[in-house]
Amino acid sequence: MIHKFKIDGYNIVLDVNSGGVHIVDDLTYDLLENIEPPFSEECPKDVLKKLTKIYSEQDVIDCYNEIVELYNDKILFSDDDYEKFAQSSVSSPVKAMCLLVSQDCNMRCKYCFASTGDYGQGRKLMSVETGKKALDFLIEKSEDRKFLEVDFFGGEPMMNYEAVKEIVKYGREREKETGKVFRFTITTNGIIMNDEQLEFINKEMKNVVLSIDGRKEVHDRMRPTANGKGTYDLIADNFKRFAAVRGDKEYYVRGTYTKYNLDFSEDIMHLYEMGFDQISVEPVMADPKEPYAITEGDLTKIFKEYEILAHKISEILNSGKFINFFHFMIDLDQGPCAIKRLRGCGSGNEYIAISPEGDIYPCHQFVGIEKFNMGNIHKGTFDLDIKDEFAKAHVYSKPECRKCWAKFYCSGGCNANNYIYAGDIHNAHKLSCQIQKKRLECAIMMRAVKLLDKAE
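Rules used in this analysis
- Residues numbered from 1 in each chain as written.
- Predicted model: local features only at pLDDT ≥ 70, side-chain atom pairs only at ≥ 80, totals over all residues.
- Heavy atoms only, no water.
- Helix = DSSP H or I, 4+ residues; strand = E, 2+ residues; numbered from the N terminus.
- Rg over C-alpha atoms; globule rule 2.2 N^0.38 Å.
- Buried < 20%, exposed > 50% of the residue type's maximum accessible area, 1.4 Å probe, protein only.
- Contact = heavy atoms within 4.5 Å.
- Areas by Shrake-Rupley, 256 points an atom, 1.4 Å probe, with all protein chains shown as cover.
- Lys, Arg positive; Asp, Glu negative; His and termini not counted.
- Charge placed at Lys NZ, Arg CZ, Asp CG, Glu CD.
- Salt bridge = Lys/Arg side-chain N within 4 Å of Asp/Glu carboxyl O.
- Pairing = 2+ DSSP bridges.
- Axes fitted to C-alpha atoms, helices over the stretch in contact; angles between N-to-C directions.
- Patch = residues over 30% accessible without salt bridge, like charges linked within 9 Å, V, L, I, M, F, W, Y side chains within 5 Å.
- Polar contact = N/O pair within 3.5 Å; in protein donor to acceptor, adjacent residues only side chain to side chain.

(A) The arrangement of the overall build of the chain in detail. Across its full length, the chain holds 16 helices and 16 strands. At 24 Å, the chain has a C-alpha radius of gyration in line with the 23 Å of a compact globule built from 456 residues. Residues classed as buried in the chain amount to 54% of the 456 residues present. Considering only intrachain contacts with a sequence separation of at least 6, the fraction spanning at least 24 residues in the chain is 70%. Looking at the chain as shown, the accessible area adds up to about 21000 Å², and 47% of this sits on carbon and sulfur atoms. In the chain, 61 positive and 74 negative side-chain charges are present, and the distance between their average locations comes to 4 Å.

(B) Here's a closer look at the pattern of salt bridges. The full count for this structure, using the stated rule, is 27 salt bridges. With its nearest N and O atoms 3.1 Å apart, the salt bridge here joins Lys 216 to Asp 220. With Lys 216 and Asp 220 both in helix α7 (residues 216–222) and four residues apart, this pair spans about one turn of that helix. By sharing partners, the salt bridges in this structure join Asp 136, Arg 174 and Glu 177 into a single network.

(C) The sheet that holds strand β3 (residues 21–24), seen in detail. With antiparallel pairing, the three strands of this open sheet are ordered in space as β1-β2-β3. Since the sheet does not close on itself, it has two edges, and those belong to β1 (2–7) and β3, each with one partner. Averaged over all pairs of adjacent strands, the angle between strand axes in this sheet comes to 25°, irrespective of strand direction. For β1 and strand β2 (residues 10–15), the ladder comprises six bridges, and the chain directions are antiparallel. Paired with Phe 5 across the bridge in β2 is Ile 12.

(D) Main features of the environment of Thr 185. Structurally, Thr 185 can be placed in strand β8 (residues 181–188). Along the chain, Thr 185 and Ile 201 lie 16 residues apart, while their C-alpha atoms are 8.6 Å from each other.

(E) Spatial organisation of a negative patch on the surface. There is a patch of like negative charges on the surface, built from Asp 25, Asp 26, Asp 59, Asp 62, Glu 66, Glu 69 and Asp 73. Counting residues per element, the negative patch draws most heavily on helix α3 (residues 57–72), at four residues. Its relative accessible area of 48% is what places Asp 73 among the partly exposed residues.

(F) View of the side chain of His 327. Tracing the backbone through its elements, the reader meets His 327 in the loop between β12 (324–325) and α11 (338–343). At 3.2 Å, the side chain of His 327 forms a polar contact with the side chain of Ser 280. If we skip the residues at most four places from it in the chain, His 327 touches Ser 280, Val 281, Glu 282, Arg 439 and Ala 443.

So, in structure tokens, the structure goes:
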């Protein structure tokens with residue numbers, strides 16, 4: 001399988017199974033439009049007749065022979081050697097956990113997947129006891145894994161700051177007893193962030209996610225406080241203070257774009273100009289009836305905007321400065337391991353979420369969907385059948401993914417989006433896929449051009 005696309009004046013050919021990327025001339029691109037394996041010894045006469053209207057006959061013949069040679073060398077149209085690894089996609093030890101320490105929020109974001117923080121279950125906070133029990137559960141289910149990841153999430157986790165402190169303290173004690181290492185992270189909207197909290201987060205959190213959507217008018221339109229006021233001015237200075245203290249430790253800003261700001265490259269550049277160079281801004285996924293929802297009618301504008309963003313980021317990097325837009329991160333040299341390529345984030349298998357009551361879910365986006373309640377840490381229950389179902393949710397178990405060129409980069413997409421918007425974790429959510437594929441094309445182009453420039 002190959003995937004061809006034109007972007008920014010380049011003709012790019014991706015050999016899907018090998019991961020090889022080729023920047024080709026017009027003749028090669030046009031010839032690949034008209035031929036596919038198995039190849040005959042000579043260029044088919046109908047193809048030759050068609051292309052000699054544009055190119056010389058000898059050039060077409062020579063190009064055809066080169067393509068056949070690449071095919072014989074398994075450089076183009078290479079075989080799919082990954083499906084055999086799908087058999088290894090079995091239930092694994094748990095290594096990561098999302099702790100919903102606050103099922104409450106001091107914002108009322110209009111697009112919030114968690115029903116403005118309470119997940120449709122009422123506003124509540126996690127007790128320290130439940131938090132400690134969750135860490136014990138993770139230690140037990142991690143088996144021989146040493147490094148464990150715990151993300152404090154909400155709602156807004158800083159609304160339960162004292163519990164976060166106690167849970168982290170307990171985790172450090174358990175590290176000494178068990179030899180495990182906890183990598184704590186926190187996702188915060190920044191409204192509550194005094195100097196003490198800032199110092200604690202900076203000391204104890206391996207990574208920090210700062211939630212902000214971009215320009216003031218964009219952010220305030222969708223992310224008001226509980227009393228309806230804008231929040232940009234409340235958090236911008238806090239985030240800048242945090243960034244100054246954080247230094248070179250890991251953190252990034254994370255935003256969401258909607259139908260209201262399809263010029264989202266401006267929001268990404270705004271965040272960059274604020275001093276943030278690690279940036280993630282993702283499309284909202286929502287019921288298409290919502291006025292802010294992105295629909296297929298917006299895709300032409302969105303695709304163009306990603307190309308604009310690719311230009312802007314390339315200009316920054318070419319000037320010797322640094323910016324990392326997460327959705328343009330791609331490794332054309334090695335890539336992730338085979339299993340990671342096949343099933344992605346590990347939700348429901350290696351990664352779980354714990355509610356304030358101690359209920360276990362495949363990830364934070366499944367919280368409140370009782371079909372996916374995997375058990376309860378206080379009751380000592382854990383549904384291994386659900387865990388096994390998610391372990392076996394990979395690109396070869398998803399019909400649309402099997403035949404998609406992007407499968408080894410998106411790894412089957414988000415299981416939650418697939419279920420919520422396409423009815424099953426094994427169904428691909430078409431809108432998400434289309435946006436993801438455009439981002440991948442931009443990322444592949446940027447990386448390939450950079451490698452080409454180095455070679456020259």
